[in-house]
Every structure is written in structure tokens, then in C-alpha cells.
Amino acid sequence: MSASGTVAVGTAGTAGRGAGPDPSTVRRGRRLRVPFLLAVVGAAYLAVFFVIPLVSGLVVSLMSGNPDDGYTFTWNWGVYGALFIDPQVPYLTFLGRSLWYGAAATVVTIIVGYPVAYFIAFRVSPRWKNPLLMLVFVSFLVSFVIRTDMWAFVLASQGPVVTTLQAIGLAGKDFHILGTGGAVVFGDAYNDLAFMVLPIYAALERIDPRLGEAANDLYAGKVRAFWHTTLPLSRSGIFAGVLLVFIDSVGDPVNSALLGGTNTYTIGQAIQDAYSGNQQYNVAAALSTVLMVVLGIILFIYARVSGTDDLEDLV
């Protein structure tokens, strides 16, 4: 009796344990739950800080009113036509100028930033890479406005750059840099240079140095090896850098305000003046919406032409 009872109890215990959840299933459920929760957090972040501001900007742009009486939502699509179809203020000129400055600053940062990133990635010992990268970002320890304002002093007509060029006979008495488009492009490129260096450096760091050696073994010169090996493999870094620099430069109102003049007025300044100066909130929102749409179209075309297959390598 006792033996059979013991066997029955053991069998019942085994059956009870078998009826519970499978440990492998539980672990698999936990593994699936973590990416889901991370996706929810990411989606919530984008909704709060990206989608809602975009929708809010569009809603404000469709309002009518004035600062004294307030603004009400009236589906005022006519504000877009009033801004760009026979406008009193040449906003299209400001937009085109901003796009030109952004493109020029992006090209300058590529020309300057790529050699810097290449030098740090391939020509510096590992123990010096982090200090040199810190030097690239050391300017960010100072306020963006203060950095730009200091360049306004350096590039002024009585500043060290112009006076030195005049002293050595490379510039005349009427020569000036401040207040020109070149000064604005220089300011944009200087302030955004680190945004080009870092992604290019990250892409170059992933390249196996033996690929260059293999190209040399196949009788490819240094220039040809770089053009056909290193440059294509670092395309993802260039693409990311272009996105960061171009978007920031096009909408920036600070460099054109501090380093430019009346002939360098940009769409960023127009948005800032409409919002802060004239309190035309619907006009500022409409200009911002148009700017984002134009940038989105340009970047979409750029992405289609350049390709983004290897952009995930930087993640």
C-alpha cells in the first residue's frame, strides 16, 4: 500500500510539474517582450518630440488673427499662398539663399572634415585617438552664440584677419569679410565641422586596414586604392554627416545674423523675426512647415541617389 501510494504521489507530482509553463517558452517570451517595450518607448519618444510638434506647427500655421486679439483655427490655407505667391517679403529668396549656404557649408565641412577623420583613424596611434576627438569637440564647451560672436570680432574690418591681409598686400582698403555670404558659410562650416568629422571617423574605423594593403599588392597606387576602397566604404559616414550639417545649416539664424548683413538674410532669420519680433505665429509656423517639407524632399532625393544600404553600419 505504501509503495503504491508513493508511486502515485510521485506520478501526480510529475504530472503537476508537467502541466506548468515550459521554461523555454517563458524565456522566449521575455526575449520578445524586451524589443517590444523598447519599440514602444522609441515610438512614444518620436510621438512626443517629433510628431506632435509637427502637427502643432501645421495647426498654428492654419490660424488667423493678430497678437492683440489672439489667434483662432480657421483652416487658413491662404497663408501659404500669401507667403510665396506675390508676397510682400521675398521669402523664396530667403529660402533659396539658405539652401545655398547650407550646401556650401556642407561641401566645406566634407573637404576639411574628411582629412581630419582620416588622419585620426589611420595615422594616429590608438592612445591618441580619443584626445584628438576631444579636441574636435572642445569648442562645444563654449556657447554656440559666443563662439559665433567671437568670429565676428576676428573677421571684422579691424580684426586680425583683414588687417593681416591688408598689411601683406593681399587685400585692399575696402576689403571686408564680415557681412558677406562667405562669412556666413564659414560660420556654418566651423560650427558644424564636428558633425561631419565624427560619423566619417566612425565609418573609417570599421574599415579593415588590410584592404588597402591588398589593393597595393594588386599594384594599385595610394590614390587609386583610396578612391576605389576607402572612399566607397566610408560613404555611410559622409551620408550621415551631410544630413547633420545640411539640416542644421539651412535653418540656422545665428550665423547669418552675427556674421552676415542685409544681403545675407536667411529663412531662419525670417522665422525668428516673425515669431519673436512681429509675433506672427501663423507666419512663422507656415515658414517652418515649408522649410521642413523642402528639406524632406531634398533629403529623400539625396538618399535615393546616394543609397542608404550601409548607413546601418554606423549604428
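The structure under discussion appears in the preceding block.
Just so you know, the residues in each chain are numbered from 1, in the order the chain's sequence is written. Selection of residues for local features in this predicted model requires a pLDDT of at least 70, selection of side-chain atom pairs for listing and counting requires 80 or more, and totals for whole chains, interfaces and linings are taken over all residues. Hydrogens and water molecules were not included; the side-chain quantities draw on all heavy atoms of the structure.

S.K.: Before we go on, may I ask you to explain the pattern of salt bridges in this structure?
M.R.: Pairs can form between side chains of opposite charge once their charged atoms are near each other. For this document, the term salt bridge refers to a Lys or Arg side-chain nitrogen within 4 Å of an Asp or Glu carboxyl oxygen. Throughout the structure, instances matching the rule amount to one salt bridge. K129 is paired through a salt bridge with E205; the nearest N and O atoms lie 2.8 Å apart. Of this pair, K129 sits in helix α5 (residues 126-137) while E205 is found in helix α8 (residues 181-205), placing the two residues 76 residues apart along the sequence. Assessed through its relative accessible area of 13%, K129 is described here as buried. Judged by its relative accessible area of 36%, E205 is partly exposed. Helix and strand assignments follow DSSP, with helices taken as H or I runs no shorter than four residues and strands as E runs no shorter than two, numbered in order from the N terminus. Three exposure classes are used, based on accessible area relative to the maximum for each residue type with a 1.4 Å probe and protein chains only: buried under 20%, partly exposed in between, and exposed over 50%.

S.K.: How do you make sense of the environment of G172 when you look at a structure like this?
M.R.: When you line up the elements, G172 lands in the loop between α7 (160-167) and α8. G172 sits ten residues away from V162 along the chain, and the two C-alpha atoms are 9.4 Å apart.

S.K.: What exactly am I supposed to notice about the side chain of T264 here?
M.R.: Following the sequence through the fold, T264 ends up in the loop between α12 (254-259) and α13 (267-277). Polar contact is the term for a pair of N or O atoms within 3.5 Å; when the atoms are in protein, one must be able to donate a hydrogen and the other to accept it, and sequence-neighboring residues count only if both atoms are side-chain atoms. At 2.6 Å, the side chain of T264 and the backbone nitrogen of G261 are in polar contact. Only heavy atoms enter the contact rule, under which two residues are in contact if any of them lie within 4.5 Å. Setting aside chain neighbours within four positions, we find T264 in contact with R97, Y101, G179, T180, G181, V184, S256 and Q269.

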